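Secondary and tertiary structure notes
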Amino acid sequence: MCLIKLQGFFNIYKPPGLTSFDVIRQLKKRFSRKSKIGHLGTLDPMATGVLPVAVGNATRVIEYVADSNKAYIAAFILGAVSDTQDAWGNITVLNDNIICNEAELRQVMEQFKGSIEQIPPMYSAVHHNGQRLYELARQGVEVERTPRMITIEVIELLDIDQSGKFPRVTIKVTCSKGTYIRTLVHDIGARMGTGAYLTSLVRVRTGDFCLDEAVPLQELLAAEDMAKYLLPIDYPLRYMTAYELEEEQSLNVKQGKGIKAEGFMHQQKVRLYFKQQLTAIAYYDLEMGVLRPEKVFI
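Residues numbered from 1 in each chain as written. Predicted model: local features only at pLDDT ≥ 70, side-chain atom pairs only at ≥ 80, totals over all residues. Heavy atoms only, no water.

On to the overall build of the chain, then. In terms of helices and strands, the chain carries seven helices and 19 strands. On the principal axes, the C-alpha backbone points of the chain span a range of 75 × 45 × 40 Å. Residues classed as buried in the chain amount to 48% of the 298 residues present. Long-range pairs, those at least 24 residues apart, make up 67% of the contacts in the chain between residues at least 6 apart in sequence. For the chain, the exposed surface amounts to about 15400 Å²; the carbon and sulfur share of it is 48%. (Helix = DSSP H or I, 4+ residues; strand = E, 2+ residues; numbered from the N terminus. Buried < 20%, exposed > 50% of the residue type's maximum accessible area, 1.4 Å probe, protein only. Contact = heavy atoms within 4.5 Å. Areas by Shrake-Rupley, 256 points an atom, 1.4 Å probe, with all protein chains shown as cover.)

Pasting the structure below:
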């Protein structure tokens with residue numbers, strides 16, 4: 001099979017210990033050098049869960065789904081902090097005699113709901129003067145970071161386990177892109193006055209890609225026919241309105257020309273199809289009453 005012809009998305013379950021780029025690197029061994037492959041939303045090495053990967057022309061729609069919200073199940077320890085804000089860092093115990101007050105924890109968590117500012121952690125891929133922050137952190141250098149606006153849509157307490165030396169809390173978080181869950185956990189611990197660090201993280205959803213439909217990376221890599229796991233290019237674009245083209249309209253769109261249409265909002269993104277095949281992504285020019293192709297696929 002000529003894998004270079006594959007076009008679409010893989011919904012991959014990323015195991016712990018691999019970076020998102022490690023996943024891409026392993027997949028590339030099954031593809032031609034000319035094949036385009038990219039992922040949607042970076043996962044830390046310790047994190048597991050949903051990692052959508054685009055292949056071929058699907059890489060051209062990443063920009064339209066990169067802003068999708070995400071959902072996580074996170075577990076963290078109260079009573080200590082980590083220099084990486086997770087269990088992979090250097091742990092400093094602040095209090096080894098904590099009884100977690102559920103009412104207080106719920107009250108603190110509620111303070112993080114909505115649009116909030118979050119300071120990216122030093123151990124992150126954010127750039128600072130041409131260097132990644134984690135590169136500076138490994139050199140023992142800490143720099144001032146600009147807070148970023150994020151949105152926490154849902155933060156739900158799932159469990160408090162007080163059977164061990166330190167309370168272990170499990171939460172579910174639905175949030176905007178760019179949210180660092182380990183930083184959220186660190187900030188919750190700081191607000192509680194106990195300190196906290198992340199011990200496990202599972203991404204259960206990103207946009208339309210869900211955990212219960214994800215294929216384990218090793219199963220995908222071992223498959224003789226990887227195409228059976230492939231989702232169509234338009235799979236994550238279902239939030240866009242679809243518009244079926246007539247033959248003449250299709251010819252115009254393929255040439256990059258706009259087509260007359262009505263009933264759309266200004267700048268609205270629209271999927272254009274001909275004979276049920278995705279032909280282009282267009283935006284609506286309200287002033288001219290025209291759908292203008294932005295990305296043409298056929």
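Before going further, it helps to examine the nonpolar core. Grouped together as the largest cluster of nonpolar side chains are 48 residues, with contacts concentrated most on Phe10, Ile171, Ile181 and Ile188. With five residues, helix H5 (residues 181-192) is the largest single contributor of residues to this core. What isoleucine 181 contacts, discounting residues up to four positions off in sequence, is Tyr72, Ala74, Val173, Cys175, Leu198 and Leu201. Residues Phe9, Ala54, Tyr235 and Met240 belong to the second largest nonpolar core, which totals 18 residues. (Core = buried A, V, L, I, M, F, W, Y, C linked by side-chain atoms within 4.5 Å.)

Along its 12 residues, H5 runs 16 Å from first to last C-alpha, staying within 8% of the 16 Å computed at 1.5 Å per residue. Looking only at H5, the buried set comprises Ile181, Arg182, Thr183, Leu184, Val185, Ile188, Gly189 and Met192. One or two residues past the end of H5 sits glycine 193, with phi positive at roughly 85°. (Expected span 1.5 Å × (residues − 1).)

Turning to unusual backbone geometry, a few remarks are in order. Although it is not a glycine, lysine 275 adopts a positive phi angle of roughly 55°. Mapped onto the fold, lysine 275 is located in the loop between strand E17 (269-274) and strand E18 (277-285). Located in the positive-phi region is glutamine 276, a residue other than glycine, with phi close to 65°.

Going through the model one piece at a time under the given rule, you end up with eight salt bridges. The residue aspartate 22 makes a salt bridge to arginine 25 at a minimum N-O spacing of 2.2 Å. One end of the pair, aspartate 22, and the other, arginine 25, are both in helix H1 (residues 20-28), three residues apart, so they sit about a helical turn from each other. Taking relative accessible area as the criterion, arginine 25 reaches 41% and is therefore assigned partly exposed. (Salt bridge = Lys/Arg side-chain N within 4 Å of Asp/Glu carboxyl O.)

Position of tyrosine 235 relative to the elements: it lies in the loop between helix H6 (217-222) and strand E15 (241-244). Separated by 177 residues in sequence, tyrosine 235 and alanine 58 have C-alpha atoms that sit 9.6 Å apart. Look past the residues within four positions of tyrosine 235 in its chain and what remains in contact with it is Asp208, Phe209 and Glu213. Here aspartate 208 takes part through its backbone oxygen, which lies 3.2 Å from a polar atom of the side chain of tyrosine 235. (Polar contact = N/O pair within 3.5 Å; in protein donor to acceptor, adjacent residues only side chain to side chain.)

In this section: the environment of proline 236. Along the chain, the position of proline 236 falls in the loop between H6 and E15. A residue is classified by how much of its surface remains accessible, and proline 236, at 5% relative accessible area, is buried. Setting aside chain neighbours within four positions, we find proline 236 in contact with Phe9, Val65, Asp208 and Phe209.

This structure, assessed with the given rule, holds four aromatic pairs. Seen from their ring centres, phenylalanine 209 and tyrosine 235 are 5.2 Å apart, and the 55° between their planes marks the pair as tilted. Here phenylalanine 209 is found in strand E13 (residues 209-210), whereas its partner tyrosine 235 is found in the loop between H6 and E15, with 26 residues between them in sequence. By relative accessible area, which is 12% here, tyrosine 235 ends up buried. (Phe/Tyr/Trp six-rings, centres within 6.5 Å; stacked < 30°, edge-to-face > 60°.)

The next thing to look at is the side chain of glutamine 249. Looking at the element boundaries, glutamine 249 is found in helix H7 (residues 247-254). Assessed through its relative accessible area of 17%, glutamine 249 is described here as buried. Setting aside residues no more than four positions away along its own chain, glutamine 249 makes contact with Tyr243, Glu244, Ile259 and Lys260.

Below, the discussion takes up the sheet that holds strand E16 (residues 259-260). The sheet built from five strands is open, its strands ordered E15-E17-E18-E19-E16 with mixed pairing. Each end of this open sheet is capped by a strand with a single partner; those strands are E15 and E16. As paired elements, E18 and strand E19 (residues 290-296) share six bridges and run antiparallel to each other. Of the residues in E19, the one forming a bridge with isoleucine 281 is lysine 295. (Pairing = 2+ DSSP bridges.)

None of this, on its own, says anything about what the molecule does.
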